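Structure at a glance
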Amino acid sequence: MTVIQQFQALHQANELLFLGNAWDVPSARALEKSGFQAIGTTSWGIAHSLGYSDGEKIDFDLHLAVIKRIVEQVSIPVSADIESGYGEDAATIIEHVLRTAETGVAGINLEDSLKKSTGMRDIALHGELLGQIRTALDHNGFANFYINARIDTYFQKADPLQETIERAKVYVECGASGIFVPRVKEETDIRTIAAQVAAPLNVLSLPGLTDGKLLREWGVKRLSFGNFLYDKTVAFLESSAGQLYQSTDTSSLFQP
């Protein structure tokens, strides 16, 4: 079974797919060692770990090099967060998706937000882009590659539910494998989206939205935690460094 087939199978199983989010090789290895069955990269974590802010501020080649190193160092499927595709035109985005697939990842997250301006891509145009990406993947040996279509309505719209469902249906019809709706939080919204969209629903863990077993009952198929493990790790590092400096005592480094 190929890594792409493995990743597909995880979305088709009865259990919730709990996806760990990594930003470098040590974090990816830690997630794999802990038992996670698949990893998703976090664009926020990769960018911030290299001194950039999120939002496609990091050079795509540098971002891709980190993804490639992660793939090479773990044996479980990896899905790459490539934000909105690091391009303003379809040809560039498709090229970047193919280059990402060539690293050995099993899938991608692709957003419908605009990066050079405010707002979101037109629904029909983004659906057309997803269709072109699917065709390019199929024609280049990446059949069944997982396209997780991220829908940013809950970041950008005052009343996002109906547009979320509309976008999701178009994206799936055009070739998306699943949908990712970050910031959705209410049970009624989650249940409605899951019931009306014929594709696996991925949500982002938030305060008050943490119980994977409960989310599975609501219809969620995939749960991820984005940049939050990265943020917690950096906070721990800063706190530990502060304690070391204040105490001028390194004994804490040798305590279990």
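Residues numbered from 1 in each chain as written. Predicted model: local features only at pLDDT ≥ 70, side-chain atom pairs only at ≥ 80, totals over all residues. Heavy atoms only, no water.

1. Considerations on the pattern of salt bridges
Applying the stated criterion to the full structure yields 11 salt bridges. Glu83 is paired through a salt bridge with Lys115; the nearest N and O atoms lie 3.1 Å apart. Taken together, the residues Glu83 in the loop between β3 (78–81) and α5 (90–101) and Lys115 in the loop between β4 (107–111) and α6 (123–139) connect sequence positions 32 residues apart. By relative accessible area, Lys115 is classed as partly exposed at 28%. (Salt bridge = Lys/Arg side-chain N within 4 Å of Asp/Glu carboxyl O. Helix = DSSP H or I, 4+ residues; strand = E, 2+ residues; numbered from the N terminus. Buried < 20%, exposed > 50% of the residue type's maximum accessible area, 1.4 Å probe, protein only.)

2. Some thoughts on a nonpolar patch on the surface
Residues Leu50, Tyr52 and Leu62 make up a contiguous nonpolar surface patch of roughly 230 Å² in combined accessible area. Tracing the sequence through the fold places Tyr52 in the loop between α3 (43–49) and α4 (60–73). (Patch = residues over 30% accessible without salt bridge, like charges linked within 9 Å, V, L, I, M, F, W, Y side chains within 5 Å. Areas by Shrake-Rupley, 256 points an atom, 1.4 Å probe, with all protein chains shown as cover.)

3. Some thoughts on the pairing of strand β5 (residues 146–150)
A large share of β5 lies buried, amounting to 5 of its 5 residues. Residues of β5 alternate between two faces, with Tyr146, Asn148 and Arg150 on one and Ile147 and Ala149 on the opposite face, all of them buried. For the segment spanning β4, α6 and β5, crossover handedness is right-handed. Across 3 bridges, β5 lies against strand β6 (residues 178–180) in parallel orientation. Opposite Ala149, over in β6, you have Ile179 as the bridge partner. (Right-handed = clockwise from strand over helix to strand, strands pointing away. Pairing = 2+ DSSP bridges.)

4. Some points on the pairing of strand β7 (residues 201–204)
Burial of the side chains of β7 extends over both faces: Leu201 and Val203 are buried on one face and Asn202 and Leu204 on the other. Relative to β7, β6 runs parallel, the two sharing 2 bridges. Across the sheet, residue Phe180 finds its bridge partner in β7, namely Asn202. The handedness of the β6 to β7 crossover, carried by helix α9 (residues 187–196), is right-handed. Across 3 bridges, the pairing between β7 and strand β8 (residues 222–224) is parallel. Bridge pairing in β8 links Val203 to Leu223. In terms of handedness, the path from β7 via helix α10 (residues 212–218) over to β8 forms a crossover that is right-handed.

5. Regarding the packing of aromatic side chains
The geometry of an aromatic ring pair comes down to the distance between the two centres and the angle between the two planes. Per the counting criterion, the structure on display carries 7 aromatic pairs. With a centroid separation of 5.0 Å and an interplanar angle of 50°, the aromatic rings of Phe18 and Phe36 are classed as tilted. Of the two residues, Phe18 is situated in strand β1 (residues 17–22) and Phe36 in the loop between α2 (25–34) and β2 (39–41); the sequence distance between them amounts to 18 residues. Since its relative accessible area comes to 18%, Phe36 is described here as buried. Geometrically, the ring pair formed by Trp23 and Tyr230 is edge-to-face, given 5.2 Å between the ring centres and 80° between the ring planes. Taken together, the positions of Trp23 in the loop between β1 and α2 and Tyr230 in helix α11 (residues 228–247) put the pair 207 residues apart, joining distant regions of the chain. (Phe/Tyr/Trp six-rings, centres within 6.5 Å; stacked < 30°, edge-to-face > 60°.)

6. Structural notes on unusual backbone geometry
In this structure, Glu83 is a non-glycine residue whose phi angle is positive, near 50°. What makes Glu83 buried here is its relative accessible area of 1%. In this model, Asn144 sits at a positive phi of 70°, which is unusual for a non-glycine residue. Within the fold, Asn144 resides in the loop between α6 and β5.

7. What to know about the nonpolar core
Ranked by internal contacts, the top residues of the largest apolar core, which has 73 residues, are Ile133, Leu137 and Ile193. Looking at which element gives the most residues to this core, the answer is α4, with 6 residues. In this structure, Ile133 is in contact with Ile93, Ile94, Val97, Leu110 and Ile147, ignoring residues within four places of it in sequence. (Core = buried A, V, L, I, M, F, W, Y, C linked by side-chain atoms within 4.5 Å. Contact = heavy atoms within 4.5 Å.)

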